[in-house]
Amino acid sequence: MPLINRREWIALAGSFAALRAVGQSDQQTHQRYMRRAIALAANNPKAPFGAVLVNVPKGAVMGEGWNRSSENPTWHGEIDAINRCAAAHPGIDWTRLTLYTTAEPCPMCQSAAEWAGIATIVYGSSIPFLKSLHWSQIDIRAEEVAKRSPFRKCAVVGGVLEAECNELFRRAAKR
């Protein structure tokens, strides 16, 4: 195995530092918008599913929502955010958007995101965690829905501010 010289080592170390900085920047961005989703979840403390649709490169919130399934059983937080975005921004390029949600999208919400063409889903609490608290959940993970939607490319990122999101659902389960 050939050894690398000092100059190559310095260049390689710089590349790793740049990659680490990008990762930290992504994490900070994810946390910032997840905090907004958590704040929106306060609109329904019994079902604290908050969601924010963001054009991350522009730093623009395009739609927000929270669970209103007491009014309509399909009105989950993600669906509310998607509908508000569609109404406010006709013709939007959905592939530029990231959906932040306090809990892993159920199959209906993940499918809606796939049909819209949303590029990235970021969630806090997982479906297995919600099930452990006896929340009614269809046991199909968001990543599985994304994988079985070959007509779209959707990245799914879980566990962002997971402890804070989990606490929302623990408190709600005690009500």
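Our subject in this report is the structure included herewith.

## Re the pairing of strand β4 (residues 120–125)
Part 1 of the argument: The buried fraction of β4 is high, at six of six residues.
Part 2 of the argument: Relative to β4, strand β3 (residues 98–103) runs parallel, the two sharing five bridges. By the bridge assignment for β4, Ala-103 is matched with Ser-125.
Part 3 of the argument: Handedness of the β3-helix α3 (residues 107–116)-β4 crossover: right-handed.
Part 4 of the argument: Pairing of β4 with strand β5 (residues 155–157) involves three bridges; the strand directions are parallel. Paired with Val-122 across the two strands is Val-157, which belongs to β5.

## Notes on the packing of aromatic side chains
Part 1 of the argument: In this structure the tally under the stated criterion is five aromatic pairs.
Part 2 of the argument: Above the plane of the ring of Trp-66 lies Arg-68, whose end atom (NZ or CZ) is 5.1 Å from the centre.
Part 3 of the argument: In this structure, Arg-84 packs its charged tip against the face of Trp-66, placed 4.7 Å from the ring centre.

Conventions and cut-offs
- Residues numbered from 1 in each chain as written.
- Predicted model: local features only at pLDDT ≥ 70, side-chain atom pairs only at ≥ 80, totals over all residues.
- Heavy atoms only, no water.
- Buried < 20%, exposed > 50% of the residue type's maximum accessible area, 1.4 Å probe, protein only.
- Helix = DSSP H or I, 4+ residues; strand = E, 2+ residues; numbered from the N terminus.
- Pairing = 2+ DSSP bridges.
- Right-handed = clockwise from strand over helix to strand, strands pointing away.
- Phe/Tyr/Trp six-rings, centres within 6.5 Å; stacked < 30°, edge-to-face > 60°.
- Lys NZ or Arg CZ within 6 Å of the ring centre and 35° of its normal.

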